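# A structural walkthrough
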Amino acid sequence: MTIVGSNKIIGEGIDRVEGPHKVTGTAKYPNDYATADLCHAALVQSTIASGRILDIDTRAAESSPGVLLVLTYRNAPRLQRGPMTDLGAAATPPLQDDRILHYGQHVAVVVAETPEQATAASHLVEVRYETTTPVLDMDDPRSPVVNNPWGMDTQRGDVQAASRSADVMIDATYTTPDNTNNPLGLFSTLADWDGDTLLIRDSTQWPHNVRRQLAATFGIPESGVRALAPYVGGGFGAGLRVWPHTVLTAVAAREIHRPVKLVLTRPQMFTSVGHRPDSVQRIKLGATREGDLTVIEHSSTSSVAMEDDDFEPVASGSATAYACLNVATRDQQRRLNIPCPTSMRGPAQAQGNFALESAIDELAYAVGIDPLDFRLHNYAEKNPQLRLPWSSNALRECYIQGAERFGWSRRSAEPRSMREGRWLVGYGMAGVAYPWYQAPCQARASVRRDGSGYVCSGAIDIGTGTYTVMTQLSAELLGLDIDRVRFDLGDSDMPLSPQAGGSGLTSALGNAVHAACRNLIQAFVGLVRDDPDSPLRGSTVENVTVTDGRIHRVGEPSANETYADILARNSLEELTADGTSTPPAPHDLGMALTGAFGAKFVEVQVDTDLGRLKIVRIVSAIDGGRILNRKTASSQIIGGTVGGIGQALFEETITDADTGRIANATFGDYLVSVNADIPDMDVLFVGEPDRATAIGTKGVGEVGLVGIAAAIANGVFHATGKRIRSLPITLDQLL
């Protein structure tokens, strides 16, 4: 099945359809909403990382001006843990016992008439603890080990024998730190009960998950919860779970029978909505003198909370990145007294790719082959694990075209051989093979009597452009001008949608929109199939096309009719159809389902006296399948690249080794990339539409970040001869 429209709206770099709402301030984010009789909540958080509460004194807080309620484990209702999700277990319900499992754990919530009163009263809650020594280091022998947490470890060939026989071996350890998702929009929740029905506005990347989790938590039908999030101020993965503060807001609103609003502070964002876990990775690579990759062994250990879950298969990407007969990947987690990690842009792959692509670079130097040529030589023509052809794979073209655009041929081979004045110049690169992901999705499409189109799904737009590309796609499929179509999202009462995450929403939602629009055209054709007054009489959906608000019979230009005329003749105000997309199975298709591919090329300069590192320019060549909007897709790659620079050079969440307190939980102390750190960036898209689905897209939300850290580190080695195996890259490593 291919796209049924013929207006050629998709692919054009049109401006965001929601842009005017954002720049004029009419786009309302969760913390912009207020209701009649609204009150406000503030959190009280633990000041120890491990132990239990001996006593909690709320009397001063309860008598403070404006205070309506103080909830602790002593008076909070019993709550059920939500059901398992596609991304792992639901978060543990808050305030259920006296145990403390991490610094910053919510131990009370104060509700008052104003946010200032709630905050002031929260400081009056006195908590006395029995402290135990926290487990904060993955090397701590008390840390419980979780082996193969998701059943994704892989093994093919004979890794040990291949290691013994390799002409050249690399055996190195790479480390990545804890990073924290830091969307500019502080996460907030507004909960409002009407009897046993809950309306909740939440900073989420997954409204249907909010509905499902809260329904289970409170023991009510899913139809009793409506989650709304038409606009979200960023997420980067932090909005993929229903966090304890969301539950507490709903609990408080139910207890006082008034709507309650809670907005996290910036420091609370560091302890309340997840973070990228740190990792220690050991990689062994072997090759022949001719450059044939003969063995890959990748083992990773990452951190996780004591009684929670996080889907982070760091080593898994190495199983399919290169053509290699002997491969083993292993993941384990170590449980610590830390807030629960969660997905952060490019989850698992951001860490795993840094280690793998750094090691590949090391091996290329050891063999004596140009790093680009080494990667091209070991390009996987088929999926190495499934031994099936890719549904699409333009990684080779990414390498070739990206290198040409970058000017890789100007690179001299020897480290420390290129210079501009006192600056050492380095060229580095990395390849990216981002995993495929798609979940079931539903959409609904309508055409109204005035000839306008309306399409909706309970999806989310976290700034990635979902509003725009789905409006474009809907207009293309229905044969309408783009200003005649409205696309709505962000409401759990709309058709079921998966999360905005995993670089999977565009394909899942786009294919559902494709199905809904096709079914809608089929419904119109069905209305006129036996209509003697219609020039389309006897048509089928297979022999019509749509353009300019008309249905045309292929090959007969005069056989056409507008949607509006068909509706009017049948006395209908509108016609509606639903559509569903279901992920295909690789063996049914005879193809390995593939995500985006990319090649990243970076020029760095390092000051010989000061060790100062600056990024001069970056070229990203991306295979994203069919690109629905080149402007928004390019913006996604650029934004991801900025995040990759942050991962490489700045971002590190510092946890005090004794107390578990996060020491840099503000934007004044947690460093992120700013404009002065960002170089010239060039993005080019290569490849063809993916063959596995109707619209041929592959998500590009995360492939932009992955590979940047490795390319920068590899550029630093080329510039200085110093191999950096630990992020972030800091001055002391370069002096």
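Description of the structure in this document. Computed from a predicted structure; not experimentally measured. (Residues numbered from 1 in each chain as written. Predicted model: local features only at pLDDT ≥ 70, side-chain atom pairs only at ≥ 80, totals over all residues. Heavy atoms only, no water.)

### Some words on the pattern of salt bridges
To be explicit about the condition: A pairing counts as a salt bridge when a side-chain nitrogen of Lys or Arg comes within 4 Å of a carboxyl oxygen of Asp or Glu. Runs of E in the DSSP output that reach at least two residues are strands. Runs of H or I that reach at least four are helices, and both are numbered from the N terminus. Note on classification: 1.4 Å probe, protein chains only; a residue is buried when its accessible area is under 20% of the maximum for its type, exposed when over 50%, partly exposed between these limits.
In this structure the tally under the stated criterion is 37 salt bridges. With its nearest N and O atoms 2.8 Å apart, the salt bridge here joins D531 to R569. Here R569 lies in helix α13 (residues 563-569) and D531 lies in the loop between α12 (505-528) and β24 (544-547), a separation of 38 residues in the sequence. On the accessibility criterion, D531 (12% relative accessible area) is buried. Each of E357, D361, R375 and R723 takes part in salt bridges that share partners, so that together they form one network.

### Here we look at the sheet that holds strand β20 (residues 423-433)
How we decide: Two strands are said to pair when DSSP picks up at least two bridges between them. We call two residues in contact whenever any of their non-hydrogen atoms come within 4.5 Å of each other. Angles here are taken between N-to-C directions and fall from 0 to 180 degrees, while the axes themselves are lines fitted to C-alpha atoms, restricted in helices to the stretch in contact.
The five strands are arranged β19-β20-β28-β29-β30 in an open sheet whose pairing can be described as mixed. Looking at the sheet topology across the chains shown, the edges are occupied by β19 (419-420) and β30 (680-685). Pairing between strand β28 (residues 597-607) and strand β29 (residues 613-623): ten bridges, direction antiparallel. Of the residues in β29, the one forming a bridge with V602 is I618. The sheet strands contacting helix α10 (residues 395-406) are β20, β28, β29 and β30, and the helix crosses β28 at an angle near 35 degrees.

### Some points on the sheet that holds strand β23 (residues 485-488)
The strand order across the open sheet formed by four strands is β23-β22-β21-β27, and the pairing between neighbours is mixed. Single-partner strands in this sheet number two, and they are β23 and β27 (574-581). Neighbouring strand axes in the sheet, compared pairwise and without regard to direction, differ in orientation by 15 degrees on average. The pairing of strand β21 (residues 441-448) with β27 spans eight bridges and is classified as antiparallel.

### Quick word on the packing of aromatic side chains
Convention followed: Note on aromatic pairs: the rings of Phe, Tyr and Trp (six-membered ring only in Trp) are paired at centre separations within 6.5 Å, and the planes decide the class, stacked below 30 degrees, edge-to-face beyond 60, tilted for the rest. Remark: a charge is flagged as sitting over a ring if the NZ atom of Lys or the CZ atom of Arg is within 6 Å of the ring centre and within 35 degrees of the ring normal.
One pass over the full model with this rule turns up 14 aromatic pairs. Here W408 and Y427 contribute two aromatic rings whose centre-to-centre distance is 6.4 Å and whose plane-to-plane angle is 35 degrees, an arrangement assigned as tilted. With W408 in the loop between α10 and β19 and Y427 in strand β20, the pair connects residues that are 19 residues apart, well separated along the chain. Under the relative-accessibility criterion, W408 is labelled buried at 5%. One aromatic cluster is present, formed by F406, W408, Y427 and F601 through successive ring pairs. Cation over ring: R201 sits above Y33, and NZ or CZ is 3.7 Å from the ring centre. The ring of W423 carries the charged tip of K614 above its face, separated from the ring centre by 4.2 Å.

### Quick word on helix α16 (residues 708-720)
Every α-helix carries 3.6 residues per turn, so stepping three or four residues along brings you back to the same face. The cut-off we apply is this: One less than the number of residues in a helix, times 1.5 Å, gives the span that helix is expected to have.
Here α16 is 13 residues long and its end C-alpha atoms lie 18 Å apart, about the 18 Å a rise of 1.5 Å per residue gives. α16 sits mainly inside the fold: 13 of its 13 residues count as buried. G721, located one to two residues past α16, shows a positive phi value of around 80 degrees.

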